[in-house]
Amino acid sequence: MTQGRNTVKDQRDRPVFFLSDGTGITAETFGNTLLTQFPQESFARETVPFISTPELAYQVVATINELASLGPLPLIFSTAVNTGIRAILSTASAHFIDLLGGHVGELERALGTQASGELGKAHGQGNVLRYQSRMAAVEYAIEHDDGQSIRALENAELILIAPSRCGKTPTTMYLALQHGILAANFPLVDEDFERGELPAPLLPHVGKCFGLSSTPLRLHQVRTGRRPRSQYSSLQQCGYELRSAEALYLGHGIPHVNSSVMSVEEMAATILQRMHLHH
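Treat the numbers as computed from the prediction; the structure is a model and nothing was measured. (Residues numbered from 1 in each chain as written. Predicted model: local features only at pLDDT ≥ 70, side-chain atom pairs only at ≥ 80, totals over all residues. Heavy atoms only, no water.)

J.: Pulling in residues and values, what's your account of the overall build of the protein chain?
T.: Helix and strand content of the protein chain: ten helices and eight strands. Dimensions along the principal axes, computed over C-alpha positions, put the protein chain at roughly 65 × 45 × 30 Å. By residue count, 39% of the 279 residues in the protein chain fall in the buried class. Taking as baseline every contact in the protein chain between residues at least 6 positions apart, the subset at least 24 positions apart corresponds to 71%. Accessible surface computed for the protein chain: about 14,900 Å², of which carbon and sulfur atoms make up 54%. Considering the protein chain, the positive charge centre built from 22 side chains and the negative charge centre built from 27 side chains are found 4 Å apart. (Helix = DSSP H or I, 4+ residues; strand = E, 2+ residues; numbered from the N terminus. Buried < 20%, exposed > 50% of the residue type's maximum accessible area, 1.4 Å probe, protein only. Contact = heavy atoms within 4.5 Å. Areas by Shrake-Rupley, 256 points an atom, 1.4 Å probe, with all protein chains shown as cover. Lys, Arg positive; Asp, Glu negative; His and termini not counted. Charge placed at Lys NZ, Arg CZ, Asp CG, Glu CD.)

J.: Can you tell me about the UniProt feature "binding site: ADP" (unreviewed entry) in the protein chain, naming the residues and giving the values?
T.: UniProt records the feature "binding site: ADP" (unreviewed entry) at Ala162, Pro163, Ser164, Arg165, Cys166, Gly167, Lys168 and Thr169, using the numbering of this structure. Within the fold, Pro163 resides in the loop between β5 (158–162) and α6 (168–179). For Pro163, the contacting residues outside a window of four places in its chain are Lys168, Leu188, Phe193, Leu212, Arg223, Glu241, Leu242, Ala245 and Tyr249. One can find Thr169 in helix α6. Beyond its immediate chain neighbours, meaning those up to four positions away, Thr169 contacts Asp145 and Asn185. (UniProt positions renumbered as here; feature names shortened; annotations may be inferred.)

J.: Outline the packing of aromatic side chains, listing residues and values.
T.: Summed over all chains, the structure comprises two aromatic pairs. A centroid spacing of 5.8 Å and a plane angle of 20 degrees characterise the contact between Phe18 and Phe77, whose relative ring orientation is stacked. Pair noted here: Phe18 is in strand β1 (residues 14–19) and Phe77 is in strand β3 (residues 75–78), with a separation of 59 residues, a long-range link. On the basis of relative accessible area, Phe77 is assigned to the buried category, the value being 2%. With a centroid separation of 6.0 Å and 85 degrees between ring planes, the pair formed by Phe193 and Tyr240 is classed as edge-to-face. Of this pair, Phe193 sits in helix α7 (residues 190–195) while Tyr240 sits in helix α9 (residues 235–252), and the two are 47 residues apart along the sequence. Exposure remark for Phe193: the relative accessible area of 10% places this residue in the buried category. Arg223 extends its terminal NZ or CZ atom over the ring of Tyr232, reaching a point 4.3 Å from the ring centre. Above the face of the Tyr232 ring, Arg227 is positioned so that its terminal group lies 4.4 Å from the ring centre. (Phe/Tyr/Trp six-rings, centres within 6.5 Å; stacked < 30°, edge-to-face > 60°. Lys NZ or Arg CZ within 6 Å of the ring centre and 35° of its normal.)

J.: Hey, could you go over the pairing of strand β4 (residues 95–98) for me, with residue numbers and the actual values?
T.: The pairing of β3 with β4 spans four bridges and is classified as parallel. Residue Ser78 lies in a different strand from β4, and its bridge partner there is Asp98. Tracing the backbone out of β3, into helix α3 (residues 83–89) and back to the parallel element β4 gives a crossover that is right-handed. (Pairing = 2+ DSSP bridges. Right-handed = clockwise from strand over helix to strand, strands pointing away.)

J.: Give me the lowdown on the packing of helix α5 (residues 128–143) against α6, citing residues and values where you can.
T.: Direction vectors running N to C along α5 and α6 enclose 165 degrees, while the axes themselves pass 7 Å from each other. As the angle between them shows, α5 and α6 are arranged roughly antiparallel. Classified by chirality, the crossing of α6 by α5 is right-handed. When α5 is examined against α6, the residues Arg130, Arg134, Met135, Ala137, Val138, Ala141 and Ile142 are found in contact with a partner set consisting of Thr172, Met173, Ala176, Leu177 and Gln178. Of the residues contributing to the contact of α5 with α6, the split by class is eight nonpolar, two polar and two charged. (Axes fitted to C-alpha atoms, helices over the stretch in contact; angles between N-to-C directions. Parallel < 35°, antiparallel > 145°, perpendicular 65-115°, else oblique. Left-handed = near helix turned anticlockwise from the far one by under 90°. Nonpolar A, V, L, I, M, F, W, Y, C, P; charged D, E, K, R; others polar.)

J.: Can you break down the sheet that holds strand β6 (residues 183–187) residue by residue, with the values?
T.: Pairing in this open sheet of four strands is parallel, and the strands run β6-β5-β7-β8 from one edge to the other. Bordering the open sheet on either side are β6 and β8 (256–258), each of which pairs with just one other strand. Each adjacent strand pair in this sheet contributes to an overall mean axis angle of 25 degrees, direction not counted. In this sheet, β6 lies alongside β5 in parallel orientation, the contact comprising five bridges. Paired with Leu158 across the two strands is Ala183, which belongs to β6.

J.: Lay out the packing of α6 against helix α10 (residues 264–274) in plain terms, naming residues and giving numbers.
T.: Running from N to C, α6 and α10 point in directions that differ by 70 degrees, and their axes come no closer than 9 Å. Relative to α10, the element α6 lies roughly perpendicular. Counting all contacts with α6, which are made through Pro170, Thr171, Tyr174, Leu175 and His179, the residues of α10 involved are Val264, Glu265, Met267, Ala268, Ile271 and Leu272. Split by residue class, the contact of α6 with α10 holds eight nonpolar, two polar and one charged.

Structure, rendered in structure tokens:
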């Protein structure tokens, strides 16, 4: 954050700050989820992580106060764990929404013990085994992206299949990084559709497969950005591939979802639920 500078591009935008003495990921996730309930509003968002000292906290407060004097009162979503840092941030001229403080107190009362107040537990190495498994899952996803390797495919917990550009890679990466799922992904291509059969390496693992689909128009739009005016991106080719892929899914009893209307987070949650996967 640059001190003394108005970071809001439009004075009508409501400034929103996601503040944390850690990475800020949790503040962003929860805060943005809440903001989606107000689609009529316009927001200028800024994340400030690692506010680890009182001096840094006071600098952030000064910047927010300056913005407050120029336009709409800012919103603050805070996940500061340290009570001192949290107290300083709460003095800013803003609507202060504490996403952790009250809940920590509730848990302390429920568990009959005090919270540690240690930083880095949510997204760092607070749980070493869980962190290591997530990193191993990311390495597995990278190696097995787009069918480039079948080594140790039997170790996969999930194999995503779909025509090109339906969202296989971001979904497998998200499942690996966020949930530690060993996920591979395979493209379905014309040869598979002509044979009416899955790629041979997948046949022993049909029970681990999950399919992604889309709409012809959406797939055409995505592919056009990559290869404009090509057969690959034509509306006719996209429709053919999607129909053929869905026929394969139905023929093999493979569950699938339409990725054109879902975010990566929503797809991941759906896949975890329908495949009975957990970390």
